[in-house]
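# Structure at a glance
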Amino acid sequence: MAQDAPAAVEIRHTTSADGTTIGWRQLGTGPAIVVTHGAIATGEQWLPVAHALADEFTMLLVDRRGRGLSGDAEGYDLSTEMADIEAVLAVAGPGATVLGHSYGAITAAATVAAGDGASALVLYEPPLPVNGPLTGTAMAPLAAAVAAGENERALSIMLTDIVHTPEADVDALRQTPMWAEMAALAPTLERELRVIDGLAGDLDRFTTIRQSTLLLLGSDTAQHHVDATRFLTEHLPRATLVELPGQEHFAQATAPTLVADVVRSFLRRA
């Protein structure tokens, strides 16, 4: 039997509160899921998950500001990213779910905590600084590398000294086309890491989330992701924790069907 053709992907745009253009890839039909990706990434990385869900949901894969389909502006803080998500939610309409990964999960959680623009929330390993600032002594050399235009060095510092990716995995990543794509986004790293570190001591803002929330956690992920997810599991009244067996921080790429199946099952019950 012939398989159904992949859902068509459309490019859409809207304007955020500060006048910045925010773009996304849209596919599928049904209730909306607005996806906000992590650092050194674009929404395109979530296409495999989106295609697996497009038969039941309208997927909006946002390119966060500073990359891809979206513009940028000089001023930047967490509220800027929140306004971007709110602008896309206004297009998506009532009843949308927000799905955030890594840094995008922080922006998603902050947006939902501050308002009523989403009916449900999916958070995949937001790196909340529950044990204090995340970057430690790595911020200064990373900032220096970005300032010098040494994007690959900045990316190496991020992966090795902040995310604590094993050196063998970093070396393997250098051999893939993804390395150059990630390095090109290194100039956005410093500002996003400063936002994360600035949340140390301000985590109560996330405990006001009352929407049904799915927390995704790789069984083999870094300890700081485990600690952050445990914090949310303990403080959100409607949290559901699902561990992704054998996965780390990037299951949307390594196991997209698994991620899609878990999200689908959760939203059918939410």
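As a reminder, the structure under discussion sits directly above these lines.
Right, let's walk through the structure included here. Computed from a predicted model, the values in this text were never measured in an experiment.

### A short note on helix 8 (residues 189-198)
- The buried fraction of helix 8 amounts to seven of the ten residues, a majority that puts the element mostly inside the structure.
- For helix 8, the set of buried residues is Leu189, Arg191, Glu192, Leu193, Val195, Ile196 and Asp197.
- Looking at the buried side of helix 8, the elements it contacts are helix 2 (78-92), helix 3 (103-114), helix 4 (139-147) and helix 5 (151-162).

### Quick look at the packing of helix 5 against helix 7 (residues 177-184)
- Where helix 5 meets helix 7, the closest approach of the two axes is 8 Å, and the angle between their N-to-C directions is 100°. Taken together, the axis directions place helix 5 and helix 7 in an arrangement best described as roughly perpendicular. Residues Asn151, Glu152, Leu155, Ser156 and Leu159 of helix 5 form the contact with helix 7, whose own contacting residues are Trp179, Met182, Ala183 and Ala184.
- Looking at the contact of helix 5 with helix 7, its residues break down into six nonpolar, two polar and one charged.

### Some words on a negative patch on the surface
- Taken together, the side chains of Asp169, Asp220, Glu243 and Glu248 make up a negatively charged region of the molecular surface.
- Within the element layout of this structure, Asp220 appears in the loop between strand 7 (212-218) and helix 9 (223-235).

### With respect to the side chain of Thr221
- Assignment of secondary structure puts Thr221 in the loop between strand 7 and helix 9.
- A polar contact of 2.8 Å, which involves the side chain of Thr221, links it to the side chain of Glu125.
- If sequence neighbours within four positions are ignored, Thr221 has contacts with Glu125, Val226, Gln247, Glu248 and His249.

### A short note on the sheet that holds strand 4 (residues 58-63)
- The mixed open sheet is built from eight strands, whose spatial order is 1-2-4-3-5-6-7-8. One side of each edge strand has no neighbouring strand; the edge strands of this open sheet are strand 1 (10-15) and strand 8 (239-244). Averaged over all pairs of adjacent strands, the angle between strand axes in this sheet comes to 20°, irrespective of strand direction.
- Relative to strand 4, strand 3 (residues 32-36) runs parallel, the two sharing five bridges. When the bridges of strand 4 are listed, Val35 appears paired with Leu61.
- The strands touched by helix 3 are strand 3, strand 5 (97-101) and strand 6 (120-124); relative to strand 5, the strand with the most contacts, the crossing angle is about 145°.
- Relative to the sheet, helix 11 (residues 256-269) contacts strand 3, strand 5, strand 6, strand 7 and strand 8, its axis offset from that of strand 7 by approximately 160°.

### Overview of the pattern of salt bridges
- Under the defined criterion, the tally for this structure stands at 17 salt bridges.
- Among the salt bridges present, the one from Asp84 reaches Arg65, with a minimum N-O distance of 2.7 Å. Of this pair, Asp84 sits in helix 2 while Arg65 sits in the loop between strand 4 and helix 2; the two residues are 19 residues apart in sequence, bridging distant segments of the chain. Per residue, the accessibility class of Asp84 equals that of Arg65, and both read buried.
- Between Arg191 and Asp72 there is a salt bridge, with the nearest N and O atoms lying 3.2 Å from each other. One end of the pair, Arg191, is in helix 8; the other, Asp72, is in the loop between strand 4 and helix 2, with 119 residues separating them in the sequence.

### A short note on unusual backbone geometry
- Phi is positive for Ile40, close to 40°, though the residue is something other than glycine.
- The residue Ile40 is located in the loop between strand 3 and helix 1 (47-53) in this model.
- In this structure, Glu125 takes a positive phi of about 50° despite not being glycine.
- Along the chain, Glu125 falls in the loop between strand 6 and helix 4.

### Comments concerning the packing of aromatic side chains
- According to the stated counting rule, one finds zero aromatic pairs in the structure shown.
- The ring of Tyr76 has Arg191 sitting right over it, with the charged end atom 4.1 Å from the ring centre.
- The ring centre of Phe206 lies 5.9 Å from the NZ or CZ of Arg205, which sits over that ring.

The rules behind these values
- Residues numbered from 1 in each chain as written.
- Predicted model: local features only at pLDDT ≥ 70, side-chain atom pairs only at ≥ 80, totals over all residues.
- Heavy atoms only, no water.
- Buried < 20%, exposed > 50% of the residue type's maximum accessible area, 1.4 Å probe, protein only.
- Helix = DSSP H or I, 4+ residues; strand = E, 2+ residues; numbered from the N terminus.
- Contact = heavy atoms within 4.5 Å.
- Axes fitted to C-alpha atoms, helices over the stretch in contact; angles between N-to-C directions.
- Parallel < 35°, antiparallel > 145°, perpendicular 65-115°, else oblique.
- Nonpolar A, V, L, I, M, F, W, Y, C, P; charged D, E, K, R; others polar.
- Patch = residues over 30% accessible without salt bridge, like charges linked within 9 Å, V, L, I, M, F, W, Y side chains within 5 Å.
- Areas by Shrake-Rupley, 256 points an atom, 1.4 Å probe, with all protein chains shown as cover.
- Salt bridge = Lys/Arg side-chain N within 4 Å of Asp/Glu carboxyl O.
- Lys, Arg positive; Asp, Glu negative; His and termini not counted.
- Charge placed at Lys NZ, Arg CZ, Asp CG, Glu CD.
- Polar contact = N/O pair within 3.5 Å; in protein donor to acceptor, adjacent residues only side chain to side chain.
- Pairing = 2+ DSSP bridges.
- Phe/Tyr/Trp six-rings, centres within 6.5 Å; stacked < 30°, edge-to-face > 60°.
- Lys NZ or Arg CZ within 6 Å of the ring centre and 35° of its normal.

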